[in-house]
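Architecture and fold: a report
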Amino acid sequence: MSALIKRVAGSLVVLIVVLVLNFFLFRIMPGDPLVGIMDPRFSPEAKEQLAAQWGLDKPLAEQFVVYLREMLSFRFGLSMMTSVPVWDELKNRVPNTVALLLPALLLSAALGLWLGVKAALRRGSRVERLVLLSGAVSFSFPSFFVQLLLLLCFAYVWPIFPLRGTTSIPPPEGPAAFFDYLWHLALPLFSLVILSFGGWALYIRNMMVKALGEDYVLMARARGLSRRRVVWNHAFRSILPPVVTIFLLSLPGVVSGAVITETVFSLNGAGRFLLEATNSHDYPSAGAAFFLLALLTVSCNLLADLIYVLVDPRVRREGAR
Amino acid sequence: MTSAMISSEKTAIELRNLSVTYPGGGKNNKEARAVKAVRNCSFSVARGNIVGLVGESGSGKSSALMAIPGLLPPGTLVSGQIFCDGEDISALSEEALNVWRWRRIALVPQGAMNSFTPHLSVERHITEVLTHHLGMTRREGRGYAAELLRTVGLEAEGTSSILDRYPHELSGGQKQRAALAAALACGPDFLLADEPTTALDVITQKEVLDMTAALVRERGMGLLLVTHDLPLAAGLCDILIVMKDGVVVESGPSRLLVGAPSHPYTRRLIEAIRSLEKTEETRETGGERL
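About the thresholds
- Residues numbered from 1 in each chain as written.
- Chains lettered and ligands numbered in written order.
- Predicted model: local features only at pLDDT ≥ 70, side-chain atom pairs only at ≥ 80, totals over all residues.
- Helix = DSSP H or I, 4+ residues; strand = E, 2+ residues; numbered from the N terminus.
- Buried ≥ 20, exposed ≤ 12 C-beta atoms within 10 Å, placed from the backbone.
- Domains from an automatic or database assignment.
- Contact = placed C-beta atoms within 7 Å.
- Nonpolar A, V, L, I, M, F, W, Y, C, P; charged D, E, K, R; others polar.
- pLDDT = per-residue confidence, 0-100.
- Core = buried A, V, L, I, M, F, W, Y, C linked by C-beta atoms within 7 Å.
- Axes fitted to C-alpha atoms, helices over the stretch in contact; angles between N-to-C directions.
- Parallel < 35°, antiparallel > 145°, perpendicular 65-115°, else oblique.
- Left-handed = near helix turned anticlockwise from the far one by under 90°.

Okay, the environment of Ile162(B) next. If you trace the backbone, Ile162(B) turns up in helix H6 (residues 159–163). Given 24 C-beta atoms within a 10 Å radius, Ile162(B) is considered buried.

Below, the structure written as C-alpha cells:
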C-alpha cells in the first residue's frame, strides 16, 4: 500500500513539473501569440488592448496563477485561435482521436500478438517471415511516408477512400452519417494498424521464442498437458506482465503519433489541434493539450504498475508482505 | 555388449536400437555437422526395478531418456523403437503421446530449479495435472496435492504453506521434493529421473534419492535414473547400464558390474573412482598424523 502511495505521489510531482514547464516553455519560445490572431495593420494601442483582453499584459506570476486555476479546474480557458472554450474544442476533437486510436491500438496489438505467437510456434515458416518483414517495415518507414503512399493509391489513383476530413461535405444525416464517419476513418485506421502490428508481432515473437525454450515449458509438455495449455497457460502467461506494461506505456506515444496521422489525413482530432495550437502560440490550447497528454502518460504508467501486480502473482505476493 | 537385458514378462519400457541424431546448424555439409548422440541403444526397465544409466557427460544418457516421452528438441532424428507395455510409442504424435505422459511415464527433471513455471504456485503445478489427467476438481486436487507433499517429506514445513508458495520461494531441496510429488501425482508406472539431484548438497542429495527409491519400490514403479555418479548409482540401482559415446558398452546387475566389470571403459571408470577414494583416504590419514 505504501508503495502505491509513493507511486501516486511521484506521479503527482511529475504532473506539477509538467504544468510548470508547460507554462514557462511556451512563453520562452520565440514568437508572439497575438500575431496569429490580429491583423498586421492594427495600431500599437489596439495590440495593447488585445493583449489586455487575453491577460498577457499582467505580470508573469499573476498569469501563472490564472493558468494553474484554469488547468486544475479542467476549464483550460479560451482558445486564442478560435475564441471558443478550449474544453469545447477538445470535446469536439477528442472523440475523433479516440475513435481512431483506440481501435488502431487494439487491432494492431491483437494482430501482432496472434502473429507473434504463431511465428514463435512455427519457426522458419511463412508466418515467421511475414512477422520479421512487417517488423522491419514498422521500424524502417516513417509513418507519414506510408500514409501519403496509401492516400496516393487508395484515395487518388483508386478513389476508394476519401482524400481528407472526418466527414463528407455536406455531412449526410441519419445512419448514413455513421457509415460516412467509418469510411473516413478506415484508411487512417488501416495505416496505423499496418504501421504498428509488425512491431508488436516481432516483440511478442521474440519473447515467446525465449519462453518456449525454457525448461518449464518442456516440463509442461512432459506433464502431458494440451498444446494450447502449454502455449497459453505456461509460455504466454509468463510473458504477459511485460506485454501489458508495454501496451500501456505505448498508449501516450500513440496519442502523440496522432499529430502526424491527423495532419496527413486532415482529420478533426486532438492531435492536429495540438499542432495548430503550438504553431500559433495559442497558450491555453497548447497548454491544455500537453497537460492532458502528460496526464495520460502518468495515468498509463500508474495503471501499468497496478496491472503488473494483477497479472504477476509473484509481485502480488511480495507486495502483500 | 551393445544391448542390455530385456525382461519380457513385466517390461514396462523397452528401447530397441534407439538412435538419436541432432542435425547440424549450417545449411551446407549437414551430415558432417550432425551429432549422433545415441547409437543403436537397447535396454529395458521393468516395473519394480531401479535402473541406472551412467556415463560421462556427453555420453548420450539424457538424450536416450528424453527420447522415451518424446521430448527431444524439434528436428532431432530418432530411429529405432520405444515400447511401453508392448506398445510402440516411438512414432506417436504429440497429442497421442500426451496420453502416456505423466499418467504412465513421469519425469523428474535435471535440476528442478527451472522446471517449475515461475508464475504458478506448487499447488497449481500438481492440481493442473490432476484436473487434466484424472478429472479431479481443483478442491479435490488440492487435498491430494497436500497428501503428496506429505509423502515426499514436506509436511514438516507446513504443507499448506508449501502448496501456496511459488517456485522462487522454495529451496533447492524443497523444489526437488515438490518435483517428485508432482511426478507421483497421476500414479505413473514409470519414473524417468535425469540427474535429479545435481544441484543439491550431498546430504539433501542422499535424502532425496533414498526417498525416491523407497517410493518407487513401495509403489512398484520402474525408475530410470540418469547420473554420471557411478558410486551413487551402484548403491541405489538394481541394474546399471554404462554408456559411452552414445553406445551402451556394458550392463548388468549393479553388484556384478561394479565387482567384475567386463568392458575396459567400465573398468577405467571404477578404477578412477577407487583411486579417488584412495587419495581421499591417504589425505585423511595424513591429516590425522599431522
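Back to the text.
Our next topic: the domain arrangement of chain A. How big an interface is tends to be stated in terms of accessible area lost as the parts join. Residue and element names in this part refer to chain A. Domain annotation for chain A reports domain 1 (2–72) and domain 2 (91–320). Computed over C-alpha atoms only, the centres of domain 1 and domain 2 are separated by 32 Å. Contacts between the two partners involve 18 residues from domain 1 and, on the opposite side, 16 residues from domain 2. Elements represented by at least two residues in the side of domain 1 that touches domain 2 include exactly helix H1 (2–28) and helix H3 (60–72). Per-element accounting of the side of domain 1 that touches domain 2 gives the leading share, eleven residues, to H1. By residue class, the composition of the side of domain 1 that touches domain 2 is eleven nonpolar, four polar and three charged.

Let us look at the confidence of the model for chain A. Looking at chain A as a whole, the pLDDT averages 87, with 98% of positions reaching at least 70. The spread of mean pLDDT over the elements of chain A runs between helix H12 (residues 313–320) of chain A, the lowest at 73, and helix H8 (residues 215–222) of chain A, the highest at 95.

Further remarks concern the environment of Arg164(A). Residues and elements named next belong to chain A. Structurally, Arg 164 can be placed in the loop between helix H6 (143–157) and helix H7 (175–212). For Arg 164, a count of 12 C-beta atoms within 10 Å corresponds to the exposed category. Distance from Arg 164 to Ala 3, taken between C-alpha atoms, is 48 Å for residues 161 residues apart in sequence. Residues contacting Arg 164, with those up to four places away along its chain left out, are Phe 265 and Ser 266.

In this section: the interface of chain A and chain B. Of the residues lining the interface, 20 residues belong to chain A; the matching set on chain B comes to 21 residues. For the side of chain A that touches chain B, the element with the most residues is H8(A), which contributes seven residues. For the side of chain A that touches chain B, the class distribution of residues is seven nonpolar, four polar and nine charged.

What follows is about the nonpolar core. Counting residues in hydrophobic clusters, the biggest one holds 140 residues, and the most contacted among them are Val51(B), Leu53(B), Leu191(B), Leu224(B) and Leu225(B). In terms of residues, this core owes the most to one element, H7(A), which gives 15 residues. Both domains that furnish three or more residues to this core are identified here as domain 1 (2–72) and domain 2 (91–320) of chain A. Setting aside chain neighbours within four positions, we find Leu191(B) in contact with Ala106(B), Val108(B), Ala183(B), Val216(B), Met221(B) and Leu223(B).

A few words now on the packing of H1(A) against helix H11 (residues 283–311) of chain A. All names here are of chain A. For the pair H1 and H11, interaxial distance at closest approach is 10 Å and the crossing angle is 160°. Relative to H11, the element H1 lies roughly antiparallel. Every pair of crossing elements has a handedness; the one defined by H1 and H11 is right-handed. In this structure, H1 contributes Arg 7, Val 8, Ser 11, Val 14, Leu 15, Val 18, Leu 19, Asn 22, Phe 23 and Phe 26 to the contact, and H11 contributes Tyr 283, Ala 286, Gly 287, Phe 290, Phe 291, Ala 294, Leu 295, Val 298, Asn 301, Leu 302 and Asp 305. For the contact of H1 with H11, the per-class residue count stands at 15 nonpolar, four polar and two charged.

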